[in-house]
Amino acid sequence: MEKELLQEESQVAMIVLIAILVVLLMGIALVLFFFLSRKKIIQTALEKTNLELSYQKELLHATIQTQEKERKRIAQDLHDAISAKLTVISLTTNVLIDRTPPDFEDANDMLCHILEVTTQTLDSSRTLAHNLLPPILENFGLVAAVEEVCDAFINSQQVAITYKTVYNGYLSKEEELHLFRIIQELLNNSVRHGKATYIALDIMEDQEQLYVAYVDNGKGFDTTNTAVKKGIGLKNIETRVAILQGTFSFYSQLSEGFQCTIYINKQPQHTHEKKLHSISYG
C-alpha cells in the first residue's frame, strides 16, 4: 500500500514537473515570438522610415534642381533680353554724345534706334515679370490664369484644348501659383515633348477635395523607363504636388498619349487607382 502511494506521488510529481516544463516552454516560446515579432515590426518600420527619408532626399534634390533650372533661365533671360539691349542703348547714347557737332539726320536715326530698343527692353521685362508671377493670377485668381494660358496655347494653333474649371478659391495665393505651374508644366510637356494636338483639362472642386484631370493625345512614353519617369518635367510636378500635400497619378504608353490625375484634399483622405503609377504625399 505504501509502495503504491509512493508510486502515485511520484507520478503526480512527474506530471506536475512535466506541466511546469510545458508551461515554461510555452512561456519561452511566447517571449521569443513577441521578441521576434517586435523585432520584425521595428525592422519594417525602420525600412519604411529609410524609404521615406530616401524619397524625401530625392524630392529635395529634385526641388533644388528645379530651383537651379529656374535661376539659370531667369539669368539667361536677363542677359539676353535685358542686359544686351541696355548695352546697345548705352553704346548708342555714348556715340550720340561724343559726336560734336552732331549730325541732325544721324542723331535722329540714333534716337529712333534707342527708342526702339528701349521699347523692346520694356516688353522683355514685362514678359519676364509675367513669367515669374502672372499678373492675372495675382489679380483675378486661378481660373482666369488657367483660361489665359489655355487660350494662349489654342491661339498658337499648335494644339486644340478643351477645359473646364469649377473652383471656389479655397487655396492660398501661393498654393494657386503651385497649381498653375503644374498646369503650365503639363501643357508644355504635351506640346513640346509629346507633340500632342489635343488636350482635355478639368479642374473640379467638391466639399472634400480639388480634382485635376488631364489627358493628351501625344506620343506618350514608356513608364517602365526610369530615366523618363525621373525626368525634370515630372519631378517638377511631383515636387509641387508634394508641397500641396496632394496625390499625383499618371498613365502613359507609347503612341497612346498621357493622362494624369491630381487630388488636393481639404481633409486627409487616401485615394487608390488601379493601373496607375501613384505617388502620395501628406
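Just so it is clear, the structure is predicted and the values come from calculations on it, not from any experiment. Residue numbers run consecutively from 1 along every chain, following the written order of its sequence. Local features in this predicted model are restricted to residues of pLDDT 70 or higher, and side-chain atom pairs are both shown and tallied only at a pLDDT of 80 or more, whereas totals for entire chains, interfaces and linings draw on every residue. Remark: hydrogens and water are excluded; side-chain values derive from all non-hydrogen atoms of the structure.

> Is there a simple way to explain the packing of aromatic side chains in this structure?
Two aromatic rings are characterised by how far apart their centres lie and by the angle between their planes. Geometry of aromatic contacts follows a simple scheme: Phe, Tyr and Trp rings, the Trp one being its six-membered ring, pair when their centres are within 6.5 Å, and the pair is stacked under 30 degrees between planes, edge-to-face over 60, tilted otherwise. Taken as a whole and judged by the stated rule, the model has eight aromatic pairs. A ring pair is formed by Tyr167 and Tyr170, whose centres lie 6.4 Å apart and whose planes are at 55°; its orientation type is tilted. Of the aromatic side chains, those joined through ring pairs into one cluster are Tyr214, Phe221, Phe248, Phe250 and Phe258.

> Please clarify how the pattern of salt bridges should be interpreted in this entry.
The rule for a salt bridge is simple: a side-chain nitrogen of Lys or Arg has to be within 4 Å of a carboxyl oxygen of Asp or Glu. Throughout the structure, instances matching the rule amount to one salt bridge. In this structure, Lys235 engages Glu238 in a salt bridge whose closest nitrogen and oxygen atoms are separated by 3.3 Å. In this pair, Lys235 and Glu238 are both assigned in helix α7 (residues 232–243), three residues apart and thus about one turn of the helix distant. Burial here depends on accessible area, computed with a 1.4 Å probe over protein chains only, as a share of the maximum for the residue type. Under 20% is buried, over 50% is exposed, and the range in between is partly exposed. By relative accessible area, Lys235 is classed as buried at 6%. Relative accessible area serves as the criterion here: at 5%, Glu238 is assigned to the buried category. Segments assigned H or I by DSSP are reported as helices when at least four residues long, segments assigned E as strands when at least two residues long, and all are numbered from the N terminus.

> How should I be thinking about the side chain of Thr121 in this particular structure?
In this fold, Thr121 is placed in helix α2 (residues 104–132). According to the relative accessible area criterion, Thr121 is buried, its value standing at 8%. Should any heavy atoms of two residues lie within 4.5 Å, those residues are considered in contact. Thr121 has contacts with Ala81, Ile82, Lys85, Leu86 and Ile89, leaving out every residue within four places of it along the chain.

> What is the right way to read the pairing of strand β1 (residues 160–166) from this model?
Side-chain direction in a regular strand flips from residue to residue, so the side chains alternate between the two faces of the sheet. Inspection of the sheet shows β1 paired to strand β2 (residues 198–205) by seven bridges, in the parallel sense. Residue Thr162 lies in a different strand from β2, and its bridge partner there is Ala200. Handedness is read with the strands pointing away from the viewer; a crossover is right-handed when the path from the first strand over the helix to the second is clockwise. In this fold, β1 hands off to helix α5 (residues 173–193), which returns the chain to β2; that crossover is left-handed. For two strands to pair, DSSP has to find at least two bridges joining them.

> Honestly, helix α4 (residues 142–155) in this entry has me stumped. Any pointers?
Helical geometry note: an α-helix holds 3.6 residues per turn, so side chains three or four residues apart project in the same direction. Expected helix span is computed as 1.5 Å times (number of residues minus one). With 14 residues, α4 should cover 20 Å at 1.5 Å per step; its first-to-last C-alpha distance of 20 Å lies within 8% of that length. The inward-facing, buried residues of α4 abut α3 (135–140), β1, α5 and β2.

> Any chance you could explain the confidence of the model for the chain here in plain terms?
Fine structural detail should not be taken from predicted coordinates in areas where pLDDT scores are low. Within the chain, residue pLDDT values average 81, and 83% of them lie at 70 or more. One confidence number per residue, pLDDT, is output by the predictor and ranges from 0 to 100. Confidence over residues 268–282 falls short of pLDDT 50; this stretch has 34 contacts with residues more than four positions distant or in other chains.

> Where do I start with unusual backbone geometry in this structure?
Negative phi values dominate among residues other than glycine, just as trans dominates among peptide bonds. For Gln157, which is not glycine, the phi dihedral falls at a positive 60°. Tracing the backbone through its elements, the reader meets Gln157 in the loop between α4 and β1. A residue is classified by how much of its surface remains accessible, and Gln157, at 74% relative accessible area, is exposed. Positive phi, close to 70°, is recorded for Ser255, a residue that is not glycine. Inspection of the secondary structure puts Ser255 in the loop between β4 (246–252) and β5 (258–265).

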